[in-house]
Amino acid sequence: MTDILSYNGGTIVAMAGDRCVAIASDRRLGVQYTTIATDMTRVFKMHDRLLLGLTGLATDLTTLRNLFNFRLNLYKMREGRLIKPKTFANLVSSTLYAKRFGPYFCEPVIAGLDDEGNPFLCAMDLLGASSNDDSFVVCGTSAESLLGTCETFYQPGLGPDDLFETISQCLLSALDRDCLSGWGAEVYILTPSGITHKTLKARMD
Amino acid sequence: MAARRQWSPYVDNGGTVVGVAGKDFCVMAADTRLSLGYSVPARDVSRLTKLAPSVVIGTAGMQADTARLHNVIQTNMTVYEHSHRRVMRLGAIAQMLSVLLYQRRFFPYYTFNVIGGIDEHGEGFVYGYDAIGSHERVKVVCTGSAQSQIQPVLDNQVEFKQQYGSQKRDLSLEETVDLVKDVFSSACERDIYTGDFLEIYKITKAGSEMERFELKLD
């Protein structure tokens, strides 16, 4: 048990396009080198313009998903409106840092559209240190490979269809070089008119 | 109990090497940055050596071991040339390197090698090695600090993996060189140990030609 963040495996990438964002994840759930599920969901819809992806330890994934759903419901009840992506990013960051000396072993990726329809991307480490980017963000066991593919294939200003193709190729190519991630992929495309969800079949190993 | 500082004979000088072989050509490329921890002692250190008119070796890892290893290979090749009255062929050089590396099995050369060239039938191939001589003849290989960034891009663009719509085809020499320049630019962005300058060898049956490109100095 050396690296807790790679115990269950899993990878997420998010990319920004022209008034759209895409977030994609793999579907493997493992216990070190054994695969125990191939239909794991890592990306969760927070509301119509906000998606949260979580990588890392699966138990903390579940806990944080429930915790953020709870916090969002409270926010909606008090504020009477949906939370903005950058506010939610701050909420996630504070929640993680509150556990500074006994953290959640989870590295989140946030993808959303703000009120004007502009993309918002944010990735964090397990302590809540966030990095915002206009182009792409990555987290998980294939993060380095994803950095390579995204850096090469990404272009700014892609439409929803081109963005889908680009993010899929980036993820699939990177997954093939990581034994802890894989067994298919899920891609979510978020536009002002709604969310589309596609499942990709890839090398099932 | 605090960990004691222990002297190590090894040091990692970073760097990345890529080899892509086509039907009748081979492209070998490497950056020229020499790193030591977070410092950059030199920006212009070559990782590629031309062993024969159509054979180039590229090595990432520890520069001292690289320099020594390249020298040892060239010396052995000279001896071979005196006995056999001809230059060593690609396959023979590849096998010899494996033997040389395994001879140091219990105090290895800290080197991650790639040999690229044209074989006796005129076809391009590259060989990838680990530190103790395990090798494989392939068409595409990369090694070094940005290996995890570059390898998936080569899988996708040269081998057409995961591209269900597209037709797999052979890349031309110019397309391969452009691709290699692109992957190194991307690698420089995300890997601190890769950068400064890029050396590319374009190898054909007629010989090898070397070109240099600027990469980011940061």
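Residues numbered from 1 in each chain as written. Chains lettered and ligands numbered in written order. Predicted model: local features only at pLDDT ≥ 70, side-chain atom pairs only at ≥ 80, totals over all residues. Heavy atoms only, no water.

Undergrad: Whenever I open this one, helix 2 (residues 90-103) of chain B confuses me. Can you help?
TA: Owing to its 3.6 residues per turn, the α-helix brings residues three or four apart onto one side. All names here are of chain B. Here helix 2 spans 20 Å end to end across 14 residues, near enough to the 20 Å set by a 1.5 Å rise per residue. Three or more residues of helix 2 are buried, namely Leu90, Ile93, Ala94, Met96, Leu97, Ser98, Leu100 and Leu101. Contact partners of the buried residues in helix 2: strand 5 (48-52), strand 6 (55-61), helix 1 (63-84), strand 7 (111-118), strand 8 (124-129) and strand 9 (135-138). (Helix = DSSP H or I, 4+ residues; strand = E, 2+ residues; numbered from the N terminus. Expected span 1.5 Å × (residues − 1). Buried < 20%, exposed > 50% of the residue type's maximum accessible area, 1.4 Å probe, protein only. Contact = heavy atoms within 4.5 Å.)

Undergrad: Looking at this structure, how should I read the interface of chain B and chain A?
TA: Frequently, the measure chosen for interface size is the accessible area that the parts lose on association. Taken together, the contact pairs 15 residues of chain B with 18 residues of chain A. Interface area for chain B against chain A, summed over the two sides, is near 1500 Å², with a carbon-plus-sulfur share of 51%. Looking at the side of chain B facing chain A, the largest losses of area belong to B:Pro152, B:Gln162 and B:Arg190, adding up to 39% of the total buried there. There are 2 salt bridges connecting chain B and chain A. B:Arg190 is paired through a salt bridge with A:Glu151; the nearest N and O atoms lie 2.7 Å apart. Where chain B meets chain A, there are 9 residue pairs in polar contact (both at pLDDT 80 or more). Looking at the side of chain B that touches chain A, the elements that each hand over two or more residues are helix 3 (147-157) and helix 4 (173-190) of chain B. No other element matches helix 3 of chain B, which puts 8 residues into the side of chain B that touches chain A. (Buried area = accessible area lost by both parts, 1.4 Å probe. Salt bridge = Lys/Arg side-chain N within 4 Å of Asp/Glu carboxyl O. Polar contact = N/O pair within 3.5 Å; in protein donor to acceptor, adjacent residues only side chain to side chain.)

Undergrad: Looking at this model, I keep getting lost on the sheet that holds strand 5 of chain B. Mind explaining?
TA: Strand pairing within a sheet occurs via backbone hydrogen bonds; the two strands may be parallel or antiparallel. Residues and elements named next belong to chain B. One open sheet holds the 5 strands; their spatial order is 5-6-7-8-9, and the pairing between them is antiparallel. Edge positions in the sheet fall to strand 5 and strand 9, since each of these pairs with one other strand and no more. On average, adjacent strands in this sheet sit at an angle of 20° to one another, irrespective of strand direction. Note: strand 6 against strand 7, 7 bridges, orientation antiparallel. Counterpart to Val56 in the pairing with strand 7 is Gly116. (Pairing = 2+ DSSP bridges. Axes fitted to C-alpha atoms, helices over the stretch in contact; angles between N-to-C directions.)

Undergrad: Teacher, can you tell me more about the packing of helix 1 (residues 58-79) of chain A against helix 2 (residues 85-97) of chain A here?
TA: To characterise two packed helices, one gives the angle between the axes of the helices and the distance between these axes. All names here are of chain A. Following both chains from N to C, one finds helix 1 and helix 2 inclined at 130°, their axes separated by 12 Å at the closest point. When the axis of helix 1 is compared with that of helix 2, the two are oblique. Considering only the axes of helix 1 and helix 2, their crossing is right-handed. Facing helix 1, whose interface residues are Leu64, Leu67, Phe68, Arg71, Leu72 and Tyr75, helix 2 presents Thr87, Phe88, Leu91, Val92, Thr95 and Leu96. (Parallel < 35°, antiparallel > 145°, perpendicular 65-115°, else oblique. Left-handed = near helix turned anticlockwise from the far one by under 90°.)

Undergrad: Would you mind going over the confidence of the model for chain B with me for this structure?
TA: Note that predicted coordinates carrying low pLDDT should not be read in detail. The predicted model of chain B has a mean per-residue pLDDT of 96, with 100% of residues at 70 or higher. In the predicted complex, the global pTM is 0.91; the interface-specific ipTM is 0.86. (pLDDT = per-residue confidence, 0-100.)

Undergrad: Where do I start with the side chain of B:Thr32 in this structure?
TA: Inspection of the secondary structure assignment puts B:Thr32 in the loop between strand 2 (25-31) and strand 3 (34-36). Contact partners of B:Thr32, with chain neighbours within four places excluded, come to B:Ala42, B:Arg43, B:Asp44, B:Val45, B:Arg47, B:Gly195, B:Asp196, B:Phe197 and B:Glu199.

Undergrad: Is there a simple way to think about the pattern of salt bridges in this case?
TA: Side chains that differ in charge, positive against negative, can pair when their charged atoms come close. Residues and elements named next belong to chain B. What the rule picks out here adds up to 15 salt bridges over all chains. Between Glu123 and Lys139 there is a salt bridge; the shortest N-O distance is 3.3 Å. Note that Glu123 is positioned in the loop between strand 7 and strand 8 and Lys139 in the loop between strand 9 and strand 10 (140-144), a separation of 16 residues in sequence. Classification of Glu123 as partly exposed rests on a relative accessible area of 32%. As a salt-bridge pair, Lys216 and Glu189 come within 2.9 Å of each other at their nearest N and O atoms.

Undergrad: It is not clear to me how the pairing of strand 8 (residues 119-124) of chain A should be interpreted in this structure. Could you clarify?
TA: In regular strands, side chains alternate between the two faces of the sheet. Residue and element names in this part refer to chain A. In terms of burial, strand 8 is a largely internal element, 5 of the 6 residues being buried. Of the pairings in the sheet, the one linking strand 7 (residues 106-113) to strand 8 comprises 5 bridges and is antiparallel in character. Within strand 8, the position partnered with Gly112 by the bridge is Phe120. In sequence, strand 7 turns back onto strand 8 through a hairpin of 5 residues, with Gly117 there showing a positive phi of about 90°. Of the pairings in the sheet, the one linking strand 8 to strand 9 (residues 130-132) comprises 3 bridges and is antiparallel in character. Bridge pairing in strand 9 places Ala123 opposite Ser131.

Undergrad: Honestly, the environment of A:Leu96 in this entry has me stumped. Any pointers?
TA: Residues and elements named next belong to chain A. Inspection of the secondary structure puts Leu96 in helix 2. For Leu96, a relative accessible area of 0% corresponds to the buried category. Distance from Leu96 to Asp125, taken between C-alpha atoms, is 8.9 Å for residues 29 residues apart in sequence. For Leu96, the residues in contact, after removing those within four places along its chain, are Leu64, Tyr104, Pro108, Met124, Asp125, Leu126, Leu127 and Gly128.

Undergrad: Sorry, what's going on with the sheet that holds strand 10 of chain B here?
TA: Residues and elements named next belong to chain B. Taken together, 5 strands build an open sheet; the order of strands is 10-1-2-11-12 and the sheet is antiparallel. The outermost strands of the open sheet, each flanked by one partner alone, are strand 10 and strand 12 (207-214). The mean inter-strand angle of the sheet, taken between neighbouring strand axes irrespective of direction, is 15°. Bridge count for strand 1 (residues 16-21) against strand 10 is 5 bridges, and the pairing is antiparallel. Directly across from Thr16, in strand 10, lies its bridge partner Gly144.

Undergrad: Looking at this structure, I do not really get the environment of A:Glu79. What am I missing?
TA: Residues and elements named next belong to chain A. For Glu79, the location among the structural elements is in helix 1. A relative accessible area of 43% places Glu79 in the partly exposed class. Here the side chain of Glu79 touches Arg81 through a polar contact of 3.4 Å, side chain to side chain.

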